[in-house]
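What follows is the residue order along each chain.
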Amino acid sequence: MQQEKRFDPVTLITPTAAMSPSVHGGRAKCLQRLIRLDMPVPTTVALSFAAVRKIARGQMPDMAGILDPFGANPLLSVRPSSQDPDWGGPSAILNIGMNDTRYAQLIDSLGADAATSIYLRFIQSYAVQVARLDPEPFHLPDTPTEESLRAMLDAYEYETDEVFPQDPAEQLGQVLRSMARAWDGTTARLLRQAKGAPADAGLGLVVQSMALGVGEGTSGAGVIQFVDDATGERRIKGRYLSQSQGRDALTVAKGALFLCKDGRGPSVEEELPEVFEQLRNYGDLCRIRLREEMQIEFTIENGQLHILDAVRVQRSNRASVRIAVALAEDQVIPTDEAVMRVDPAVLSELLHRQVDSVSPRDRIVRGIAASPGAAVGRIVFTANEAQASAARSEPCILVRRETTPEDIRGMHAAAAVVTVRGGITSHAAVIGRGLGLPCVVGASDLVIDRKGKRLIAPDGRKFHEGDMITVDGTSGDVLAGAAPLLEPALDGAFQQLLQWADQYRDIGVRANADTPADAQTARNFMAQGIGLCRTEHMFFEGDRLGMMREMIFADTVTERQAVLDRLLPMQRGDFAELFHIMQGQPVCIRLFDPPLHEFLPADKSGHRELAEQLSLPLSEVHARVEALSEYNPMLGMRGVRLGLTYPEIYDMQARAIFEATVEASRSGDPVVPEIMIPLVSAMREVELVKARIDAVAGHVRAETGVQFNYRYGVMVETPRAALRAEDIAQYAAFLSFGTNDLTQMTYGLSRDDAGRFMSAYVNAHVYEEDPFHTLDVDGVGELLKMGAERGRAGRSDVVLSICGEHGGSRSAIDFCRKQNFNYVSCSPFRVPAARLSAAQLAI
Ligand code: PEP
Ligand code: MG
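Since the model is a prediction, treat every value here as computed from it, not as a measurement.

(A) Spatial organisation of the overall build of the chain. What the chain contains, in helices and strands, is 34 helices and 31 strands. Its C-alpha atoms give the chain principal-axis dimensions of about 105 × 60 × 55 Å. Looking at the 843 residues of the chain, the share that counts as buried comes to 47%. For the chain, long-range pairs separated by at least 24 residues make up 66% of all intrachain contacts whose partners lie at least 6 apart in sequence.

(B) Here's a closer look at the UniProt feature "binding site: substrate" (unreviewed entry) in the chain. Mapped onto the present numbering, the UniProt feature "binding site: substrate" (unreviewed entry) falls at Arg534, Arg590, Glu717, Gly738, Thr739, Asn740 and Asp741. Inspection of the secondary structure puts Gly738 in the loop between β29 (734–737) and α30 (739–747). Those residues in contact with Gly738, other than ones at most four positions away along the chain, are Met715, Val716, Glu717, Cys803 and Gly804. Taking the number of C-beta atoms within 10 Å as the measure of exposure, Asp741 has 24 and is therefore buried. Leave out the neighbours within four places in its chain, and Asp741 touches Leu679, Glu717 and Thr718.

(C) How the structure looks around the site of ligand 1. Every residue near ligand 1 is listed here: Leu532, Arg534, Asp593, Glu717, Gly738, Thr739, Asn740, Asp741, Cys803 and Gly804. Looking at the shell around ligand 1 element by element, the count peaks at 3 residues for α30. Partitioned by chemical class, the residues of the shell around ligand 1 number 2 nonpolar, 4 polar and 4 charged.

(D) Focus on the UniProt feature "active site" (unreviewed entry) in the chain. Mapped onto the present numbering, the UniProt feature "active site" (unreviewed entry) falls at His427 and Cys803. An extended arrangement is adopted by the annotated residues: their sequence extent is 377 residues, and the largest C-alpha distance between any two is 31.0 Å. Note on placement: His427 falls in helix α18 (residues 427–435). Looking at His427, the number of C-beta atoms within 10 Å reads 19, which means it is partly exposed. Not counting residues up to four positions away in its chain, the partners in contact with Cys803 are Asn512, Gly531, Leu532, Ser736, Gly738 and Ser825.

(E) Structural view of the sheet that holds strand β4 (residues 93–96). With antiparallel pairing, the 5 strands of this open sheet are ordered in space as β1-β2-β5-β3-β4. Each edge of the open sheet is held by one strand with a lone partner, namely β1 (10–12) and β4. Ignoring strand direction, the axes of neighbouring strands in this sheet form an average angle of 25°. Examined bridge by bridge, strand β3 (residues 76–82) and β4 share 2 bridges and lie antiparallel to one another. Of the residues in β4, the one forming a bridge with Leu76 is Ile96. The sheet contacts of helix α3 (residues 49–56) involve β1, β2 (44–47) and β5 (203–209), and relative to β5 the element is tilted by about 95°.

(F) Layout of helix α22 (residues 557–582). Spanning 26 residues, α22 covers 35 Å between terminal C-alpha atoms, matching the ideal 38 Å at 1.5 Å per step. Along α22, the helix axis deviates most sharply at Leu567, where the bend reaches about 30°; the proline Pro569 sits within four residues downstream. Just downstream of α22, Gln583 is the residue with a positive phi angle, here 45°.

(G) Quick look at the domain arrangement of the chain. Domain boundaries assigned for the chain yield domain 1 (10–209), domain 2 (220–315), domain 3 (353–486) and domain 4 (505–594 + 638–842). The C-alpha centroid of domain 4 is placed 55 Å from the C-alpha centroid of domain 2.

(H) Focus on helix α2 (residues 26–36). Among the residues of α2, Gly26, Arg27, Ala28, Cys30, Leu31, Gln32 and Leu34 are the ones counted as buried. Close packing links the buried residues of α2 with α1 (21–24), β2, β3, β5 and β10 (304–312). Phi turns positive one or two residues past the end of α2, at Asp38, with a value near 65°.

(I) Spotlight on the pairing of strand β26 (residues 587–590). Alternating positions in β26 separate into two faces, Val587 and Ile589 on one and Cys588 and Arg590 on the other, with burial throughout. Of the pairings in the sheet, the one linking strand β25 (residues 530–534) to β26 comprises 3 bridges and is parallel in character. In the sheet register, Arg534 faces β26, and the bridge partner there is Arg590. In terms of strand pairing, β26 meets strand β27 (residues 674–677) through 3 bridges, oriented parallel.

(J) Main features of unusual backbone geometry. You will see that Asp161, though not glycine, has its phi angle at about 60°, which is positive. Note on placement: Asp161 falls in the loop between α7 (146–160) and α8 (168–184). Its identity is not glycine, yet Asn302 carries a phi of approximately 50°, on the positive side. Along the polypeptide, Asn302 turns up in the loop between β9 (294–301) and β10. The class of Asn302 is partly exposed, set by 14 C-beta atoms lying within 10 Å.

Rules behind the numbers
Residues numbered from 1 in each chain as written. Chains lettered and ligands numbered in written order. Predicted model: local features only at pLDDT ≥ 70, side-chain atom pairs only at ≥ 80, totals over all residues. Helix = DSSP H or I, 4+ residues; strand = E, 2+ residues; numbered from the N terminus. Buried ≥ 20, exposed ≤ 12 C-beta atoms within 10 Å, placed from the backbone. Contact = placed C-beta atoms within 7 Å. UniProt positions renumbered as here; feature names shortened; annotations may be inferred. Near = placed C-beta within 6 Å. Nonpolar A, V, L, I, M, F, W, Y, C, P; charged D, E, K, R; others polar. Pairing = 2+ DSSP bridges. Axes fitted to C-alpha atoms, helices over the stretch in contact; angles between N-to-C directions. Expected span 1.5 Å × (residues − 1). Bend = angle between axes of the 7 residues up to and from the residue. Domains from an automatic or database assignment.

Here's what the structure looks like:
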């Protein structure tokens, strides 16, 4: 916090007064800027955070000193002024200073109706917001009359046993105190902390002379802005209401004017053209000089325009991108500032898949559309199941009655969330939006049968755990089966912002993509290649899973080779498609790393299916599954261990990659594939596999007569690989840190089982964060540093990257930049946010 000594606790705002947002708050500072721009701002006094803190403790400032600049008998407003206006604050209170004497004067100058309405409004807000009385007896009457005024004053006296305070200094003192205390309330504190305010965030207050908006001549109040808060497009929006105050124009059902003439009804542009012109000029001035899209609050008092306040236009995530880009395109701000102005976390919401609107919809239920986008996945009912499913890379939909903080880890792991209870601000909805996760809440016609592990739809249909459903968080529909989804497309502003980001970024961003659809998304989001293609994921579905199982089950080399011969053209096709989509960008293909338990059937019916498929007796399938099953499959026959034990498997994959390379290079940009070996722990593994792959490359070159190159690299995901990186790098052009397994092995913490106790661990601050979500810089990071240094010692130009799930997060990107890594690789949907984060870190 800045030194308060230089600043007075009570400051009359003038163009030259010493003021700062961190001392007086953003609103006070903004008012000073409006005054500097010669806008007609009524006299305003700012109270600093320190002054307001003292007021909350009962130490009142000298009231005469505050009131002095306003002259005799002023009417005043008080508004909050927190450091960041988005942190909110108590509601404004208007017309302070109204009492019986002032009322009599106003009847003479403004007429009885206006005077009564002003006094009534003040009593109401004072009674409810300051004296904290039950609002019931203080409703404003439809027609303000002297009787209704007396009744309200009596009600005040009845409720408090005191007459309504008549001394303006006492009124103002009480208003200041109630606002200062409201800021310290638990709800207010939680709300602002949720918006990023620090625990000790201060509140300033601004006391301003009222421009009345009611009375003689043209009088009224309104709000105008020059941009659409939903889309970010430039257009004039707002309302004005004759004979009104504050933001009344925004809340009345009838009688308000639009600001500009656009055919929707009477407008200020037509009825008060001079005022409209002035407002438009002020809007331009704000945009250019305050370098922001502002919403201006104004009042017309007897034909005179007053500017009371200007606040940054609240905006949707989409609008925030468009506004930042438009300001930079108009050279109001430089492009690096536009890049800094958009929070990378908001991008995810703009990047979602949508249900194809032309396809038929088999609706199970409709709830509240709480977080946009659509996802397909299998039903799970608990956070643990969601995590287990994610560990198997199987998209799932978490279905809960309602969610609690215990479910957050499950939500991270799920593709979408459905809750039976809750509204648009329920826990599931808020967290869903925060994570950019499609979410439908309040699907109250749905019954969860927990015992039977199934959902019962309103039409009686039953959906079991593991059944495939689609969640459309944009419409609120939950659909049966896997509905066809459309990939998201970036609009022009988004593209522009990211292009600027790329000019500042100094680390590459690739995508983890296993399928052509993933690759296409990666391409749409301008990933600089594929950093990890998990080839076993290409076999998760349909017939392909069967073939993978056949390969795993094969008893002899001949049998296995027969399956591999059938797999070869499929893999070749897959790779050719990836190369084609990526148009010459690097594609890093990881050879098979199938933890066997993920590919073997888990239950009896699965065994039966497999027996049929392989034409084997059931007993033999049982026996074989038994023989193959491991006590600790994540540390068992995985990765390169499979590749070395059954070398013909990696031979087939290498051949498929090279043949696809030849094919793709013929029809498009030359391709230099990258081949990556998983779960390495010893140099000799790398050496042996390399020798075989070189041999396959030689054969394919000879057979096709086409020359091609490839790059060979290692995935560093065991601690030993990090420790021995110097040796390993002699055989590897690149090292990519697989921080999922590296975290698992560094902590000795199972990826699949950690969900059971992770919440307890994080709650007890054993771990500050779940290390599978947030890179553990202190521990795993140490191995990364060591691996990088040793890798460079073995090969000075070794290319370094990270491809675990951490790759897209800001903290991991920060870490990788500092270690001079070449690139990060993350899921395609995180690529835009990663590009933006990387740029912001470099600016
Ligand atoms: C890793 O371990 O970090 C990784 C990317 O590989 P996988 O998640 O497939 O084990
Ligand atoms: Mg791994």
